Amino acid sequence: MAFFALFGPPAVTLILIVFGVFPYAWWVARKKPSRPARLAAIAGAAAVAAYGAGTFYGFAYTHPLDLCATKTASGDYVDSGRDYSLASATVHHFPPSLTCHWSSGHSTNDVAF
């Protein structure tokens, strides 16, 4: 869950934008759409990007522990590469980032790209 929660929404957003640029460019070059039609297409693309960013924010605000660590069968959150448990998580609004505080005393900072 932690891998998808961290990399899934930005990757899906990037893929949708890349796959949206080529049909848009072809459509504009070939059909010469009106200005309102072009603005509607751009607004749709902006909505897709906002959805991707909103999904990250949603995970950060509702399930910040899932972004930091992997949940074990016993319900504890542990770092997948270390033997430390998660003590707490702090969400920063701007720039969007998440600081994970571990039982060993060190902290890691996850920043959305």
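Criteria and thresholds
Residues numbered from 1 in each chain as written. Predicted model: local features only at pLDDT ≥ 70, side-chain atom pairs only at ≥ 80, totals over all residues. Heavy atoms only, no water. Helix = DSSP H or I, 4+ residues; strand = E, 2+ residues; numbered from the N terminus. Buried < 20%, exposed > 50% of the residue type's maximum accessible area, 1.4 Å probe, protein only. Contact = heavy atoms within 4.5 Å. Areas by Shrake-Rupley, 256 points an atom, 1.4 Å probe, with all protein chains shown as cover. Phe/Tyr/Trp six-rings, centres within 6.5 Å; stacked < 30°, edge-to-face > 60°. Pairing = 2+ DSSP bridges. Core = buried A, V, L, I, M, F, W, Y, C linked by side-chain atoms within 4.5 Å. Patch = residues over 30% accessible without salt bridge, like charges linked within 9 Å, V, L, I, M, F, W, Y side chains within 5 Å. Salt bridge = Lys/Arg side-chain N within 4 Å of Asp/Glu carboxyl O.

Attention shifts here to the overall build of the protein chain. Across its full length, the protein chain carries three helices and five strands. Listing the helices and strands of the protein chain from first to last along the sequence gives α-α-α-β-β-β-β-β. Going through the 113 residues of the protein chain one by one, you find that 23% of them count as buried. Contacts in the protein chain between residues at least 24 apart in sequence constitute 35% of all its contacts with a sequence separation of at least 6. Of the roughly 7,500 Å² that the protein chain leaves accessible, carbon and sulfur atoms contribute 68%.

Here we come to the packing of aromatic side chains. Scanning all chains against the criterion turns up one aromatic pair. With a centroid separation of 6.1 Å and 55° between ring planes, the pair formed by Tyr24 and Trp27 is classed as tilted. With Tyr24 and Trp27 both in helix 1 (residues 2-31), this residue pair falls three residues apart, about one helical turn. Relative accessible area serves as the criterion here: at 27%, Tyr24 is assigned to the partly exposed category.

This next bit is on the pairing of strand 4 (residues 97-102). Burial runs high along strand 4: five of the six residues are buried. In this structure, strand 3 (residues 86-92) lies alongside strand 4, joined through six bridges in antiparallel fashion. If you follow His92 over to strand 4, its bridge partner there is Ser97.

To continue, consider the nonpolar core. One finds Leu67, Cys68, Ala69, Tyr77, Leu86, Leu98, Cys100 and Trp102 forming the largest nonpolar core, which totals eight residues. Mapped onto this core, the elements with two or more residues apiece are helix 3 (64-68) and strand 4.

Relative to the helices and strands, Ala46 resides in helix 2 (residues 35-62). Exposure remark for Ala46: the relative accessible area of 44% places this residue in the partly exposed category. Each C-alpha atom, one on Ala46 and one on Ile17, is 9.0 Å from the other, the two residues being 29 residues apart in sequence.

Here the focus is unusual backbone geometry. Notably, Lys32 is not glycine yet its phi reads approximately 50°, a positive angle. Locating Lys32 in the fold gives a position in the loop between helix 1 and helix 2.

With that settled, consider a nonpolar patch on the surface. On the surface, a nonpolar cluster with roughly 470 Å² of combined accessible area is contributed by Leu14, Ile17, Val18, Val21 and Phe22. Mapped onto the elements of the fold, Ile17 is located in helix 1.

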